[in-house]
Amino acid sequence: MMRHYYVYLIEEEFASHYFGKESKIFNLIQNFQWTSIHDGSYDLLDRQVQYISKAIPSKEIHQLLTGFLTMRKGYRQLGHLHRIILNGEAGQATLLVKDRYLEIDAQGSYEAETIFFEILRKMNPCFLAMDFQAHRYGWLNPISERKFV
């Protein structure tokens, strides 16, 4: 079974505010992803998603991934595409770096996508991964609620 994730880097302010209410961010981004560019609501959804998310620091992500994975057997990089194939073809995952989000396709064992998730969570605690088909979502590194005095 193929799994497909969209991973957005959420602004820290919104990540803290929506901790425990991630479904609201999930629904917003799902509506955005499934709305046609010709739909009248597309521009509003686009502005809302851009407001709560950050651009992907692609150079930093490429450096981080290659730094952790270059020596790993089964890892390949081609431009903005990173791929991990597990030993014995137990599973594989492909990560594609885009301007506003990351896309991860995975199949087989969950270990391959977990490798990507573990590296990304070291970089920033505000990555939110969403699998719209399975209706699953979560922070790569859970954010503790902040208490403002």
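Scope of this entry: the structure provided in the associated data block. Note that this is a predicted model, so its numbers are computed, not measured.

1. A short note on the pairing of strand β8 (residues 136-139)
Move 1: As paired elements, strand β7 (residues 127-131) and β8 share four bridges and run antiparallel to each other. Within the sheet, the bridge partner assigned to Met130 lies in β8 and is Tyr137.
Move 2: Counting the residues that bridge the hairpin from β7 to β8 gives four residues, and of these His135 lies at a positive phi of roughly 55 degrees.

2. What about unusual backbone geometry?
Glycine aside, negative phi is the norm for most residues, and most peptide bonds take the trans geometry.
Move 1: Not every positive phi belongs to a glycine, and His135 is a case in point at roughly 55 degrees.
Move 2: Residue position: His135 is located in the loop between β7 and β8.

3. Things to note about the packing of helix α2 (residues 22-33) against helix α3 (residues 42-52)
Move 1: Contact geometry for α2 and α3: axes closest at 9 Å, N-to-C directions at 135 degrees. When the interaxial angle is binned, α2 and α3 end up oblique. When the axes of α2 and α3 are compared, the crossing they make is left-handed. Across from Ile25, Leu28, Ile29, Asn31 and Phe32 in α2, the residues of α3 making contact are Tyr42, Leu45, Asp46, Gln48, Val49 and Ile52.
Move 2: When grouped by side-chain class, the residues that make up the contact of α2 with α3 number eight nonpolar, two polar and one charged.

4. Re the nonpolar core
Move 1: Val7, Tyr8, Ile10, Ile61, Leu102 and Phe127 are the most contacted members of the largest nonpolar core, which totals 46 residues.
Move 2: Examining the composition of this core, we find that seven residues originate from one element, helix α5 (residues 111-123), more than from any other.
Move 3: If we ignore the near neighbours within four places in the chain, the residues touching Val7 are Ile56, Tyr101, Leu102, Ile104, Phe117, Phe127, Leu128, Ala129 and Leu140.

Rules used throughout
- In this numbering scheme, every chain counts its residues from 1 along its sequence in written order.
- The model is predicted, so local features are restricted to residues of pLDDT at least 70 and side-chain atom pairs to those at 80 or more, both for listing and for counting; the totals for chains, interfaces and linings are taken over all residues.
- Only hydrogens and water are set aside when side-chain values are computed; all heavy atoms of the structure are taken into account.
- Paired strands, as defined in this entry, are two strands with at least two bridges between them according to DSSP.
- What counts as a helix is a DSSP run of H or I of at least four residues, what counts as a strand is a run of E of at least two, and both are numbered from the N terminus.
- All axes here are fitted lines through C-alpha atoms, helices being fitted over the stretch that makes contact, and every angle between N-to-C directions spans 0 to 180 degrees.
- Working rule for angles: under 35 degrees goes down as roughly parallel, over 145 as roughly antiparallel, 65 to 115 as roughly perpendicular, anything else as oblique.
- Whether a crossing is left-handed or right-handed is set by the direction in which the near helix is turned from the far one by less than a right angle, anticlockwise for left-handed and clockwise for right-handed.
- By definition in these notes, contact holds between two residues if any of their heavy atoms fall within 4.5 Å.
- When residue character is reported, Ala, Val, Leu, Ile, Met, Phe, Trp, Tyr, Cys and Pro are called nonpolar, Asp, Glu, Lys and Arg charged, and the others, Gly included, polar.
- For this analysis, a nonpolar core means a set of buried residues of the types Ala, Val, Leu, Ile, Met, Phe, Trp, Tyr and Cys, connected via side-chain atoms within 4.5 Å.
- Remark: exposure states derive from per-residue accessible area (1.4 Å probe, protein chains only) relative to the maximum for the residue type, with buried under 20%, exposed over 50%, and partly exposed in between.

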